[in-house]
Amino acid sequence: MAAGAAGTRAVLALLVLCSMAAGAAGTTGFIKSPLSQKRLAQDSVELYCEAIGNPIPEIQWWFEGNDPNETHAQLWDGARQDRVKINATYNLHSTSTISIANLTADDSGMYECRASNDPDRNHLSKSPKVKWIRSQANVFVIERPEIVTNVTVGPDKVTLSCSISAPQLPITGHKWIHKEKTLQEDSNSGASTSYTIEGTMEEHSGIYECIFEANPQIRGQVNISVPPQVTAYKKSEHGNEGDTGVLTCKNPSFPAVTTWSWHKSGHGRLENASGRYIIKSSGNKTELRILKLDIEQDTGDYFCNATNSLGTGDATVNLRVRSRLAALWPFLGIVAEVLVLVTIIFIYEKRRKPDEVPDDDDGGSAPLKSNATNHKDKNVRQRNAN
């Protein structure tokens, strides 16, 4: 589909360029026109228009309401109490986008994209030689239906439900979304839908969206709200004397924390004004920095406390401060073990007695000499006998 649309635009642009090359000075043509759309009240809408010509044409946006007595009126950036935004670029060809936020029933009507490159197009007393070309699109703003939401808490489960009191549009299905992830969808046409979560509210707090598939989509919101479920990033932290200690807590639950505070066991509430403590909190995270750690003063338990509209919650972080020489103790222990071992070997060697040397060599040489003598005597006797 995208390749086909790009091919159509290329063909249109080629036709316009060919006509200009043939000598049709001032020719302007659309290569993309705005499309009619349906929107719900309080939603937003965006229309896009693209034109080509030589010289590059100017693009304007005009509006005509559904009231028979209402006439065309030009729209500009910031109109309708700054709900209208118009962006335009003029590079090789003209492109313009108009967006309208927080739609109301009065925004329904016909929107017209006009393009012209005639030098007299905006002259108050002269009629342009080349008229403005126009492309129109209708915007239908439909009253937003009322969605009734409910949260039912059962044993180890939570059930969310959405119902449309008086559906005005045909519904072709439903969908449940949480954190941009689709949890459940169907193709039923009912005016109500539900979703069941296994677990407790504290485990699954957050914003859930129920969507009714229609034209346009109808979206509702179900909130599971709980007091802060504060957890420490690390339950035990270590730091070296003289360094900066960092303790962190977070709140993964909904709604967000409105107020964070830090306390120390036996000390009370910690404040930034003390000079040694720096507290940085933003949304669902807080951080305590302790400057120039001291073994006696800073070792102990710290408490991070969070508050939101439903209550409070806290967590504990234990901080241990070590001496700067602590990192050397393992190395010094190894060196000491080596020295002790070398000393033991040296003393053992020094205290060995000379008679501890084995006598195997001496005992073995005597029999060898004796055997040699015996053989010699035997040979002498044998010669004498002969």
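Everything discussed here concerns the structure shown above.
The structure presented is a predicted model; accordingly, all values stated were derived computationally and were not measured.

Engineer: Hey, could you run me through the sheet that holds strand E18 (residues 236–240) in this one?
Structural biologist: Sheet strands pair by backbone hydrogen bonding; their relative direction is either parallel or antiparallel. With respect to topology, 5 strands assemble into an open sheet ordered E18-E25-E24-E20-E21, the strand pairing being mixed. Both outer strands of the open sheet, E18 and strand E21 (268–269), are each paired with one neighbouring strand and no more. Taken together, the 9 bridges between strand E24 (residues 300–308) and strand E25 (residues 311–322) define a ladder with antiparallel strand orientation. Looking at E25, one finds that Asp301 is bridged to Asn318.

Engineer: Can you walk me through a negative patch on the surface in this structure?
Structural biologist: A contiguous patch of negative charge on the surface is contributed by Asp156, Glu198, Glu202 and Glu203. Within the secondary structure, Glu203 sits in the loop between strand E14 (192–198) and strand E15 (206–213).

Engineer: Help me understand the pattern of salt bridges, please; the structure alone is not making it clear to me.
Structural biologist: A side chain with one charge may pair with a side chain of the opposite charge, provided their charged atoms come close. Per the counting criterion, the structure on display carries 11 salt bridges. Between Glu112 and Arg114 there is a salt bridge; the shortest N-O distance is 2.6 Å. Arg114 carries the same exposure label as Glu112, and that label is buried.

Engineer: How should I be thinking about the nonpolar core in this particular structure?
Structural biologist: In summary, soluble globular proteins display a tendency toward joint burial of nonpolar side chains. Among the nonpolar cores identified, the biggest contains 21 residues, and Ile59, Trp61, Leu75, Ile98 and Tyr111 are the most heavily contacted of them. For this core, the secondary-structure elements that each account for two or more residues are strand E3 (45–53), strand E4 (58–65), strand E6 (84–91), strand E7 (93–100), strand E8 (109–116) and strand E9 (133–142). Considering each element in turn, this core owes the most residues, 4 residues, to E3. Setting aside its immediate chain neighbours within four residues, Tyr111 contacts Leu47, Trp62, Phe63, Leu75, Arg80, Ile100, Ser135, Gln136, Ala137 and Val139.

Engineer: Is there a simple way to explain the pairing of strand E1 (residues 28–32) in this structure?
Structural biologist: Note on strand geometry: in a regular strand, side chains alternate between the two faces of the sheet. The buried fraction of E1 amounts to 4 of the 5 residues, a majority that puts the element mostly inside the structure. Across 4 bridges, E1 lies against E3 in antiparallel orientation. Looking across to E3, one finds that Lys32 is bridged to Glu50.

Engineer: Mind showing me how you'd approach the sheet that holds strand E2 (residues 37–40) here?
Structural biologist: The mixed open sheet is built from 5 strands, whose spatial order is E2-E9-E8-E4-E5. Strand pairing shows two members of the sheet lacking a second neighbour, E2 and strand E5 (73–75), which therefore form its edges. Sheet twist, expressed as the mean angle between neighbouring strand axes with direction ignored, is 35°. In the sheet, E8 pairs with E9 via 7 bridges, with the strands oriented antiparallel. Across the sheet, Arg114 pairs through a bridge with Arg134, a residue of E9.

Engineer: What is the right way to look at the state of the cysteines in this model?
Structural biologist: In protein chemistry, a disulfide is the covalent bond that joins the sulfur atoms of two cysteines. With the rule as written, the count across this model stands at 3 disulfides. For Cys162, the disulfide goes to Cys210, at an S-S distance of 2.1 Å. Its S-S torsion of approximately -90° makes the covalent link between Cys162 and Cys210 left-handed. Residue Cys162 is found in strand E11 (residues 157–164), and its partner Cys210 is found in strand E15; the two are separated by 48 residues along the sequence. Grouping residues by exposure puts Cys162 and Cys210 together as buried. Among the cysteines of the protein chain that take part in disulfides, numbered as they appear in the sequence, the pairing is 1-2, 3-4, 5-6.

Engineer: Would you take a moment to explain the environment of Leu183 for this structure?
Structural biologist: As for its position among the elements, Leu183 is in strand E13 (residues 181–186). Considered as a pair, Leu183 and Tyr208 are 25 residues apart in the sequence and their alpha carbons are 9.6 Å apart. Beyond its immediate sequence surroundings of up to four residues, Leu183 is in contact with Trp176, Ile177, His178, Tyr195 and Tyr208.

Engineer: What should I look at first to understand the packing of aromatic side chains in this one?
Structural biologist: What characterises a pair of aromatic rings is the spacing of the ring centres plus the angle enclosed by the ring planes. One pass over the full model with this rule turns up 2 aromatic pairs. Here the aromatic rings of Phe63 and Tyr111 are separated by 4.7 Å at their centres, their planes lie at 50°, and the arrangement is tilted. You can see Phe63 sitting in strand E4 and its partner Tyr111 sitting in strand E8, a full 48 residues away along the chain. We classify Tyr111 as buried; its relative accessible area is 0%. Lying across the ring of Phe63, Arg80 places its NZ or CZ 4.4 Å from the centre. One cation-aromatic arrangement involves Arg114 over Trp62; the distance from NZ or CZ to the ring centre is 4.0 Å.

Each value, and the rule that gives it
- Residues numbered from 1 in each chain as written.
- Predicted model: local features only at pLDDT ≥ 70, side-chain atom pairs only at ≥ 80, totals over all residues.
- Heavy atoms only, no water.
- Pairing = 2+ DSSP bridges.
- Helix = DSSP H or I, 4+ residues; strand = E, 2+ residues; numbered from the N terminus.
- Patch = residues over 30% accessible without salt bridge, like charges linked within 9 Å, V, L, I, M, F, W, Y side chains within 5 Å.
- Areas by Shrake-Rupley, 256 points an atom, 1.4 Å probe, with all protein chains shown as cover.
- Salt bridge = Lys/Arg side-chain N within 4 Å of Asp/Glu carboxyl O.
- Lys, Arg positive; Asp, Glu negative; His and termini not counted.
- Charge placed at Lys NZ, Arg CZ, Asp CG, Glu CD.
- Buried < 20%, exposed > 50% of the residue type's maximum accessible area, 1.4 Å probe, protein only.
- Core = buried A, V, L, I, M, F, W, Y, C linked by side-chain atoms within 4.5 Å.
- Contact = heavy atoms within 4.5 Å.
- Axes fitted to C-alpha atoms, helices over the stretch in contact; angles between N-to-C directions.
- Disulfide = S-S within 2.5 Å.
- Phe/Tyr/Trp six-rings, centres within 6.5 Å; stacked < 30°, edge-to-face > 60°.
- Lys NZ or Arg CZ within 6 Å of the ring centre and 35° of its normal.

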